[in-house]
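Observations on the three-dimensional arrangement
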Amino acid sequence: MTITAAFYRGDKKFDVTQIDSEAPSAGQVQIEVAYCGICGTDLHAYLGHMDARIGFERILGHEMSGVVKSVGEGVEGWAEGDRIVVRPLDHCGDCPACNRGHQHICHNLKFIGLDSQGAMQQLWNVPAHTLHRLPDGVSLRDAALIEPLAVASHDVRMAEVQPGEDVLVIGGGPIGMLVAMVARAAGGKVTISEINENRLALASRLGFDTINPRQVDAAAEILNKTGDKGADVIFEVSGVQPGVDLMTAAAATRARIVMVAIHATKPQVDLFRFFWREIRMLGARVYEPQDYDQAIASIAAGEIDADALITDIRPLDEIAEAFAALTSNPNAMKSLLQING
Ligand SMILES: [Zn+2]
Ligand SMILES: [Zn+2]
């Protein structure tokens, strides 16, 4: 059977072409992909920053939803027609991290959709252990947000956000916005710091307090609104040095700072402030299975405004336009590709 697949060919180019689909191997499930979101990581790949890692035969895509088409030998518990999302992590099963139960940060972790073929194709074979079932009330469109939402759920869980705590999210892109939504659902009083006016406007519409650090002294503003205390929990989602400066400057005594962003260079961190205020800093990478379960439950409970975040849906053969629009449109948040149907 032939299917449509989109291959990244380097230098912002994709080939959308027909290929033969392969039957799922033992332990695999074949998914008819419904929607696939375009992630910030996919944008990095598109811009050529990851060519050495992914090559020029790569099918991208890991923020997806779909329906089980068939199952390979030895797979139990899944059947044709099951509505699912995939947790796109493939671990080695025998390294110091795996042996301590931290498979999501396996030392030999393969990220499906970067290190192996992803979801921007009509039929996709994945290991059965990566599947999570969708409840009836969750649409396949909204379910394409579950992967980035699971990132946010992991971040907020690691931070142990408590009801009534002052939370600062530095960076209001799709992940920052989802972190803000999850932190608010956990009871946090959330402020978003962001420099893009369109994103600030969206954050305001969603009911968050906002700060534009290009216009005001953001740390002073946070101290002001917390009675000189500072933020109890700070999520660094900006990936730039001014964000790292703000995260310590705005931190309360014994604040928790969660490092979410992937920084291109090693940032300078104010360790004086860490010592002085007994700040704790946590790294938080991807997600564990329970974060997926939590993300699915949040979507089902209506805690996430999917309509506000999904700004664009296009068919797979418009993949080039979708990526181009994401890099040029300041209003863009989350773009989805419709892969089937
Ligand atoms: Zn992603
Ligand atoms: Zn491992």
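Note that the structure is a prediction, hence the values are computed from the model and not measured. (Residues numbered from 1 in each chain as written. Chains lettered and ligands numbered in written order. Predicted model: local features only at pLDDT ≥ 70, side-chain atom pairs only at ≥ 80, totals over all residues. Heavy atoms only, no water.)

**Some remarks on the overall build of the protein chain**
- Secondary structure summary: the protein chain contains 13 helices and 17 strands in total.
- Taken against the 2.2 N^0.38 rule, which gives 20 Å for 341 residues, the C-alpha radius of gyration of the protein chain at 20 Å falls within 12% of a compact globule.
- Projecting the C-alpha coordinates of the protein chain onto the three principal axes gives extents of approximately 65 × 45 × 40 Å.
- A burial count over the protein chain gives 52% of its 341 residues as buried.
- Put simply, 68% of the contacts in the protein chain that link residues at least 6 apart link residues at least 24 apart.
- Surface exposure of the protein chain reaches about 15300 Å², of which carbon and sulfur atoms provide 49%.
- Positive and negative side-chain charges of the protein chain, numbering 29 and 44 respectively, have mean locations separated by a distance of 5 Å. (Helix = DSSP H or I, 4+ residues; strand = E, 2+ residues; numbered from the N terminus. Rg over C-alpha atoms; globule rule 2.2 N^0.38 Å. Buried < 20%, exposed > 50% of the residue type's maximum accessible area, 1.4 Å probe, protein only. Contact = heavy atoms within 4.5 Å. Areas by Shrake-Rupley, 256 points an atom, 1.4 Å probe, with all protein chains shown as cover. Lys, Arg positive; Asp, Glu negative; His and termini not counted. Charge placed at Lys NZ, Arg CZ, Asp CG, Glu CD.)

**Points about the packing of aromatic side chains**
- Enumeration according to the criterion identifies seven aromatic pairs in this entry.
- With a centroid separation of 6.2 Å and an interplanar angle of 50°, the aromatic rings of Phe 275 and Trp 276 are classed as tilted. Of the two residues, Phe 275 and Trp 276, neither departs from the other in class, the shared state being exposed.
- In textbook terms, an aromatic cluster arises when at least three aromatic residues are bridged by ring pairs, as seen for Tyr 8, Phe 14, Tyr 46, Phe 56 and Phe 323. (Phe/Tyr/Trp six-rings, centres within 6.5 Å; stacked < 30°, edge-to-face > 60°.)

**Points about the nonpolar core**
- If you look at the biggest cluster of nonpolar residues, it comprises 96 residues, and the most contacted ones within it are Met 120 and Phe 235.
- Ala 251, Ala 252, Ala 255 and Ile 279 belong to the second largest nonpolar core, which has 19 residues in total. (Core = buried A, V, L, I, M, F, W, Y, C linked by side-chain atoms within 4.5 Å.)

**Concerning the pattern of salt bridges**
- Per the stated rule, a full pass over the model turns up 18 salt bridges.
- A salt bridge links Asp 11 to Lys 13, with the shortest nitrogen-to-oxygen separation between them at 3.5 Å.
- Judged by relative accessible area, which is 57%, Asp 11 ranks as exposed.
- Within this structure, Asp 166, Lys 189, Lys 229 and Asp 232 form a network of salt bridges that share partners. (Salt bridge = Lys/Arg side-chain N within 4 Å of Asp/Glu carboxyl O.)

**Some points on the coordination of the zinc ion (ligand 2)**
- Every protein donor of the zinc ion (ligand 2) is accounted for by Cys 92 (SG), Cys 95 (SG), Cys 98 (SG) and Cys 106 (SG), and the metal-donor separations fall at 2.3 to 2.4 Å.
- Taken together, the four donor atoms coordinating the zinc ion (ligand 2) and their angles of 100 to 120° define a geometry best described as tetrahedral.
- Mapped onto the polypeptide sequence, the residues donating to the zinc ion (ligand 2) form the spacing pattern C-x2-C-x2-C-x7-C.
- The exposure class of Cys 98 is buried, given its relative accessible area of 6%. (Donors = N, O, S within 2.8 Å, 3.2 Å for Na, K, Ca; no water. Tetrahedral: all angles 85-135°; square planar, octahedral: opposite > 155°, others 65-115°.)

**Concerning the coordination of the zinc ion (ligand 1)**
- Protein-derived coordination of the zinc ion (ligand 1) comes from Cys 39 (SG), His 62 (NE2) and Glu 63 (OE), at a distance range of 2.1 to 2.7 Å.
- Taken in sequence order, the residues that donate to the zinc ion (ligand 1) follow the motif C-x22-H-E. The pair formed by His 62 and Glu 63 is uniform in burial state, with each residue classed as buried.

**Regarding helix 8 (residues 218-225)**
- Taken together, the buried positions of helix 8 are occupied by Ala 218, Ala 219 and Ile 222. Buried residues of helix 8, seen end-on, are gathered within an arc of 100° and therefore sit on one face of the element.
- In the core, the buried residues of helix 8 are packed alongside strand 10 (166-170), strand 11 (189-193), strand 12 (209-211), strand 13 (231-236) and helix 9 (241-249).
- With a side-chain oxygen lying 3.2 Å from the backbone nitrogen of Ala 219, the N-terminal cap of helix 8 falls on Asp 217.
- Positioned one or two residues after helix 8, Gly 227 has a phi angle of 60°, which is positive. (Arc of directions from axis to C-beta. Polar contact = N/O pair within 3.5 Å; in protein donor to acceptor, adjacent residues only side chain to side chain.)

**Quick word on unusual backbone geometry**
- Its identity is not glycine, yet Glu 160 carries a phi of approximately 50°, on the positive side.
- Topologically, Glu 160 is positioned in the loop between helix 5 (146-159) and strand 10.

**What about the domain arrangement of the protein chain?**
- As far as domains go, the protein chain holds domain 1 (2-145 + 304-338) and domain 2 (152-283).
- The straight-line distance from the C-alpha centre of domain 1 to that of domain 2 is 29 Å.
- At the interface, 10 residues of domain 1 touch 13 residues of domain 2.
- Both sides of the domain 1 and domain 2 interface together cover about 900 Å² of buried area, and 72% of this is carbon and sulfur.
- At the boundary of domain 1 with domain 2, the tally comes to zero salt bridges.
- At the boundary of domain 1 with domain 2, the tally comes to zero residue pairs in polar contact (both at pLDDT 80 or more).
- By residue class, the composition of the side of domain 1 that touches domain 2 is six nonpolar, two polar and two charged. (Domains from an automatic or database assignment. Buried area = accessible area lost by both parts, 1.4 Å probe. Nonpolar A, V, L, I, M, F, W, Y, C, P; charged D, E, K, R; others polar.)

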